[in-house]
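Chain by chain, the residues:
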Amino acid sequence: MGLSALLLLALCAASSRALYFHIGETEKRCFIEEIPDETMVIGNYRTQMWDKQKEVFLPSTPGLGMHVEVKDPDGKVVLSRQYGSEGRFTFTSHTPGDHQICLHSNSTKMTLFAGGRLRVHLDIQVGEHANNYPEIAAKDKLTELQLRARQLLDQVEQIQKEQDYQRYREERFRLTSESTNQRVLWWSIAQTVILILTGIWQMRHLKSFFEAKKLV
């Protein structure tokens, strides 16, 4: 594989998704993120509260918080924690597959928010995008060349994780296909057996009928 192709894969391997959404006081919003195993995920968020008088979204008060819950593909809770109106959550996946990330506010404790709307800005970073390289460079005293080499190594590692995850998905798909084909085969055999038995029963029934009428 050439260097250009490797760099292209490196760019595709890690991902960063930024979005915003609106929620009500009792509403929970969940997202599905497909994550390889042993991959760090960082989520940054900030909230804005709807001001009815000014009819704009303004920064939320410090008392308003968000509860973040993350579940792995097996339904096991990876993270469940209460944060402030603006914060950052981090977790590392240990099982490849679809992870569920859910957020909801502690609006029941906020009378000012009761019946209102909340805008949540969310930025989810997966893979090597989750690394803070300026902080790593300052901590480890890395030169620009060493830092770039570190980034490339992390990208290559992320590519390997993505490839392992794709192989894992391919294996699961193959097993599912084989199981489905086997069930279709047995169902076809069962249908054939039922048709044969039905035909035999009909022939015997007709024979008995003709014998009873003395037509045979």
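Residues numbered from 1 in each chain as written. Predicted model: local features only at pLDDT ≥ 70, side-chain atom pairs only at ≥ 80, totals over all residues. Heavy atoms only, no water.

Using the following cut-off: UniProt positions are given in the numbering used here, feature names are shortened, and annotations may be inferred rather than shown by experiment.
Looking at an unreviewed UniProt entry, one finds the chain named Transmembrane emp24 domain-containing protein 4 and attributed to Chrysochloris asiatica. Turning to the chain, the UniProt record has this under Sequence similarities (unreviewed entry): "Belongs to the EMP24/GP25L family."

1. Topic: the side chain of Glu69
Note the cut-off: A helix here means a DSSP run of H or I that spans at least four residues, while a strand means a run of E at least two residues long, and both kinds are numbered starting from the N terminus. Categorising residues by exposure relies on relative accessible area from a 1.4 Å probe, with only protein chains included: less than 20% of the type maximum marks a residue as buried, more than 50% marks it as exposed, and the intermediate range marks it as partly exposed. Within this scheme the basic residues Lys and Arg register as positive and the acidic residues Asp and Glu register as negative, but His and the chain ends are omitted. Salt-bridge detection follows one rule: a side-chain nitrogen of Lys or Arg within 4 Å of a carboxyl oxygen of Asp or Glu. In this description, contact between two residues means that some pair of their heavy atoms is separated by no more than 4.5 Å.
Mapped onto the elements of the fold, Glu69 is located in strand β5 (residues 66-71). Here Glu69 occupies a buried position and makes no salt bridge, while the nearest side chain of opposite charge, Lys71, is found at 4.1 Å. With residues up to four places along the chain from it excluded, the contact list for Glu69 reads Lys28, Val77, Leu79, Ser80, Gln100, Ile101 and Cys102.

2. Re the nonpolar core
The following threshold applies: Throughout, nonpolar core names a set of buried Ala, Val, Leu, Ile, Met, Phe, Trp, Tyr and Cys residues whose side chains join them through atoms within 4.5 Å.
Judged by nonpolar contacts, the single largest core of 22 residues is most densely connected at Phe89 and Leu122. Element by element, the count of residues in this core is highest for strand β9 (residues 118-126), at five residues.

3. Points about the sheet that holds strand β8 (residues 97-105)
To keep things clear, this is the line we draw: Pairing between two strands requires that DSSP report at least two bridges joining them. Axis definition: a line fitted to C-alpha atoms, over the contacting stretch in the case of helices. Angles run 0 to 180 degrees between N-to-C directions.
Pairing in this open sheet of four strands is antiparallel, and the strands run β2-β8-β5-β6 from one edge to the other. Of all the strands in the sheet, the pair left with one neighbour each is β2 (29-35) and β6 (77-83). Strand-to-strand twist across the sheet, computed as the mean angle between neighbouring axes with direction ignored, equals 15°.

4. Thoughts on the pattern of salt bridges
Evaluation of the coordinates by the stated rule reveals five salt bridges. Salt-bridge contacts for Glu171 lead to Arg174; the nearest nitrogen and oxygen are separated by 2.5 Å. Taken together, the positions of Glu171 and Arg174, both in helix α3 (residues 144-212) and three residues apart, correspond to about one turn of that helix. A salt bridge links Glu178 to Arg174; the nearest nitrogen and oxygen atoms lie 2.7 Å apart. Of this pair, Glu178 and Arg174 are both found in helix α3, four residues apart, which corresponds to roughly one turn of the helix. Its relative accessible area of 36% is what places Arg174 among the partly exposed residues. When salt bridges that share partners are traced, they join Glu171, Arg174 and Glu178 into one network.

5. Structural notes on the environment of Ile23
Tracing the sequence through the fold places Ile23 in strand β1 (residues 15-23). Since its relative accessible area comes to 1%, Ile23 is described here as buried. When the C-alpha positions of Ile23 and Leu118 are compared, they lie 5.4 Å apart, and in sequence the two are 95 residues distant.

6. Points about a nonpolar patch on the surface
Filter applied, for reference: Like-charged residues are merged into a patch within 9 Å and nonpolar side chains (Val, Leu, Ile, Met, Phe, Trp, Tyr) within 5 Å, provided each residue has over 30% relative accessible area and no salt bridge. For the accessible areas, the method is Shrake-Rupley and the probe is 1.4 Å, while residue cover comes only from the protein chains on display.
Together, Leu185, Trp186, Ile189, Val193, Ile196, Leu197 and Ile200 make up a nonpolar patch on the protein surface, roughly 690 Å² of accessible area in all. By the element assignment, Leu185 lies in helix α3.

7. Describing the state of the cysteines
Condition: Two cysteine sulfur atoms make up a disulfide if the distance between them is within 2.5 Å.
Per the counting criterion, the structure on display carries one disulfide. Here Cys30 pairs with Cys102 through a disulfide, and the sulfurs are 2.0 Å apart. Every disulfide takes its handedness from the sign of the S-S torsion; for Cys30 and Cys102 that torsion is 110°, giving right-handed. Within this pair, whereas Cys30 is found in strand β2, its partner Cys102 is found in strand β8, the two being separated by 72 residues in sequence. Taking the relative accessible area as the measure of exposure, Cys102 reaches 3% and is therefore buried.

8. A closer look at the packing of aromatic side chains
Applicable threshold: The pairing test for Phe, Tyr and Trp rings, Trp by its six-membered ring, is centres within 6.5 Å, and the orientation test on the planes gives stacked under 30 degrees, edge-to-face over 60, and tilted for anything in between.
Using the criterion set out here, one finds four aromatic pairs in the structure. Their ring planes at 55° and their centres at 5.1 Å tell us that Phe21 and Phe31 sit as a pair that is tilted. Here the residue Phe21 occupies a position in strand β1, and Phe31 occupies one in strand β2, the gap between them amounting to 10 residues. In terms of burial, Phe21 and Phe31 fall into one category: buried. Plain terms: the ring middles of Tyr83 and Phe89 are 6.5 Å apart, the flat faces sit at 50° to each other, and that makes the pair tilted. For the residue pair Tyr83 and Phe89, the accessibility class agrees, reading buried in each case. Among the aromatic side chains, those forming a connected cluster through ring pairs are Tyr45, Tyr83 and Phe89.

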